[in-house]
Structure formats: structure tokens, C-alpha cells
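# Results of the structural survey
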Amino acid sequence: MRNFYGKTLVLFTFTIIFCVQFPAQTKQTENSEVQKVAEGVYTLIRKEPPSLWFDPNVTFIINEADVIVVDANITSKSSKEVIAALKKLTDKPVKYVINTHWHEDHIIGNKAYREAFPNVEFIGHISTLKDLPTVGASNRKQTLENGGGFVKYLKEIIGKNQNLEGKPITEEERLGYSSDIKIIEQYLAESKDFQIILPTIAVEDSLTIHRGSRTIEILHLGRAHTAADLVVHLPQENIVISGDLIVHPVPLIGSTSYPLEYGATLEKMLALQPKIIIPGHGPVMREDSYAKLMIQMLASLKQQIESAVRRGETLEQARKSVNLEEFRKGFAGNSQHKSVVFKNYVTNPAITAAFRQAMEKK
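Our subject in this report is the structure included herewith. (Residues numbered from 1 in each chain as written. Predicted model: local features only at pLDDT ≥ 70, side-chain atom pairs only at ≥ 80, totals over all residues. Heavy atoms only, no water.)

### Quick look at the overall build of the protein
Our working rule: The helix and strand labels rest on DSSP assignments: H or I over at least four residues marks a helix, E over at least two residues marks a strand, and numbering proceeds from the N terminus. Note that the radius of gyration is over C-alpha atoms, with the globule rule given as 2.2 Å times the number of residues to the power 0.38. Per-residue accessibility, obtained with a 1.4 Å probe over protein chains only, is compared with the maximum for each type, and a residue is labelled buried under 20%, exposed over 50%, and partly exposed between these values. We get accessible surface area from the Shrake-Rupley algorithm with a probe of 1.4 Å; when it comes to residues, only the shown protein chains can shield them. Charge assignment: positive for Lys and Arg, negative for Asp and Glu; neither His nor the chain ends contribute. We put the charge of a Lys on NZ, of an Arg on CZ, of an Asp on CG and of a Glu on CD.
Along the backbone of the protein there are 9 helices and 14 strands. Relative to the 2.2 N^0.38 estimate, which gives 21 Å for 362 residues, the radius of gyration of the protein is 20 Å and therefore close to what a compact globule would have. Referenced to the eigenvectors of the C-alpha coordinate spread, the extents of the protein come out at roughly 60 × 45 × 40 Å. Within the protein, the fraction of its 362 residues that count as buried is 56%. Element-wise, carbon and sulfur atoms account for 53% of the exposed surface of the protein, whose accessible area totals about 15500 Å². Between the mean site of the 43 positive side-chain charges and the mean site of the 41 negative ones, the protein shows a separation of 1 Å.

Listed below in C-alpha cells is the structure:
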């Protein structure tokens, strides 16, 4: 395995490509909408409804001689569909797959790229080399043990016209749970053939790749959604591909997050002044109001958690004293389904992770 560590790395080629802003164009595949966001830059936005399980957006950066892909998928099946969409755009080989972090919905599909493009290199943060075989393996084991039971439970409550909290199910929840079932069943069906591929190029702080006249900056701006978050910055096109630093319509703070640092990391991302943000999940964004709402929420969480720790509260007490209701309304609105997602991916894990960080700082 070839690993590169350090502050900044530069990979050069000497082909020429001219990059200009290009109006968004879209076309459909079975599970994605392909959008052209700049000359040679396409993103595949997933069409599944927002819910508890999800596949990520994937971005193609098509250069003079090759392609850089940002993120794989939750299954090889999904990545094979993405590769088929890429081949409709170009016959150039994939040179690099950038995994924005080590969560499985962004890396399981690496196997499909290695099969389709044997010389492909995989770029990830250096901490992925440690976290993916340890925390990642533990999480995967739990998912494989519990996934079948969760699918059965979802089917049962759909049959009872109930949601996860025992309330009457909404159509939004029915569609979301049905999507969850489909994704989990495909994940479980492939599990016996999983091949977890670690980065062959590991980035600590930054990596700069030049493909002709195009510059691709791969940046670790700080810990946030995980310790391994990478963002991909295309400075000439004013595009940031954020990975799960940004997820719409409900942020994914999560149990492996660093909430006390997350807001500052997002501020560094916005300091790049992108005109376009391609999130890990959700629609392409052409302004920064959503990211700023996330920063406000994370600042409130940080302040409340640090105050709770100074008061000597336990985690259970902090769960009661920290109030994120204003932000639940901001992200979930009146949606019963999105409110449950917010509780599952923000309120509960974010308070726990933030409390853990605050205690470590004492």
C-alpha cells in the first residue's frame, strides 16, 4: 500500500483542459439524478427519500485523460450503477476515488471501482487507516447482527400503520421506511462478499492534484462528522464537495462526531467562499444559509454542553437540560418523519458525543 503523509502533496500531469462555469443540466438514472454543475464536473444526486439509511451523492471530475470520483456507495450494486452512468459520459478511466470519510455508505462500493478500474487509487484521511478496521468493523458487525431484525420491525410497523414512535404513520414515513428496507436488504445481501478497501493514498492535512489546468484540493479542515472528514475544493470552479459535513434536510452529527469542533470546521469550509456546495446527501446548494444554520446549532450545543459540564451535570442530566428544539423546527419543520430523524441523528448522538468531548477537556 502506498501512503503519502504530510502538509501538502502535489500530483502533476501535463494535459490541458479548459474549465468554465456551466449551467446545471440534469438527466435521470434509476436511483440518481445526474447534474452537470461545471464543465467536466457532474454530480449524481440520490433520489431516495430522506430517512434513516441512505446512499451518498457521488461526483465525477472528468479531466483530459482520466476521472476523479468523490465517494463510493453503500453497496457495490449502487456503485456499479454509478459507474454505468459515468461510462455514458466518458470512456476515460477512473484514476482516483476520494472517500470523504470512512462510514460504510461512502466506502463499500470501492470494490466495484477496483474491479472496473484495476489501477485506481483510493484517497482517504490518515485516520481512516485506524478507524475503518476498528470502529468501522465493530459498527459493521452490529449492523450485520441487527439489520435483519430492524427490517422485520420496519415491515411490521408499516403493516400496523405506525411509525417508530408508535404514532400513526405518515406517507412520508411510509416512503422513508420502504427506502430503508430496500437499502438494508441490499447491504445484507452483499455482506458475504464485502471487501473493505483502505486508502492507498492517505492524507493528513491536504493533498493537491493537478490535472491539466484543473486544480483539485483535498482538505482536512478539522474534525466534524468524523475525525476523517475530507472536503474536495475546486478553486477555479468555486465548488466544494463537502462529504457529510453537510447533509440535507437533517444534519448527520452522529455518534462518531466531534460536535465541539464541528462548527469551526464548517466555518473553515465556508471561508473557501464556494458558489456551489455538493453535500454528502441532499440537493446541490448554491448559497450557504443551510451551512450557517448548522453552525448556529453547533454553537448552541457547544455552549449548552460546556455549561452543563461546568455545573457538574451527568450525561443523563445534560440530555434533559440541553434544548435543541429551535433547531429541530428549523431543520424538520412540521414533518413527523424528519423530527424522528433529527432525534436519531442529532439530538441523541450529538449530546452524547459533545458531552464526551467536554469531559475529556476537563
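### Describing the nonpolar core
For soluble globular proteins, nonpolar side chains are generally found buried alongside one another. Quick note on the threshold: What makes a nonpolar core is a set of buried Ala, Val, Leu, Ile, Met, Phe, Trp, Tyr and Cys residues whose side-chain atoms join them at distances within 4.5 Å. Only heavy atoms enter the contact rule, under which two residues are in contact if any of them lie within 4.5 Å.
Ile246, Leu266, Met269 and Ile305 are the most contacted members of the largest nonpolar core, which has 62 residues in total. At the level of secondary structure, the elements contributing two or more residues to this core comprise helix H3 (128-159), helix H4 (171-190), strand E13 (239-247), helix H5 (259-270), helix H6 (289-310), helix H8 (325-332) and helix H9 (336-361). Apart from the residues within four sequence positions on either side, Leu266 is in contact with Leu245, Ile246, Ala291, Met294, Ile295 and Leu298. In terms of nonpolar packing, the next biggest core, distinct from the first, is built from 24 residues, Ile45, Ile68, Tyr96 and Leu234 among them.

### Describing H8
The condition that has to hold: Directions are taken from the helix axis to each C-beta atom, and the arc is the one they span.
All of the buried residues in H8 are Phe327, Arg328, Phe331 and Ala332. Along the long axis of H8, the arc covered by the buried residues comes to 110 degrees, so they all point the same way. Pointing more than 90 degrees away from the buried face of H8 are the exposed residues Glu326 and Lys329. Gly333 sits one or two residues past H8 and shows a positive phi near 60 degrees.

### Overview of the packing of aromatic side chains
The condition that has to hold: A pair of Phe, Tyr and Trp rings is counted when the ring centres sit within 6.5 Å of each other, with Trp represented by its six-membered ring. The angle between the planes then sorts it: under 30 degrees is stacked, over 60 is edge-to-face, the rest tilted. Cation placement over rings: the criterion is NZ of Lys or CZ of Arg within 6 Å of the ring centroid and within 35° of the ring normal.
Evaluation of the coordinates by the stated rule reveals 5 aromatic pairs. Measuring from ring centre to ring centre gives 6.3 Å for Phe331 and Phe342, while their planes differ by 25 degrees; the resulting arrangement is stacked. In this pair, Phe331 sits in helix H8 while Phe342 sits in helix H9, placing the two residues 11 residues apart along the sequence. By way of ring pairs, the aromatic residues Trp53, Tyr187 and Phe194 are connected into one cluster. Sitting over the ring of Tyr258, Arg356 keeps its end group 5.8 Å from the ring centre.

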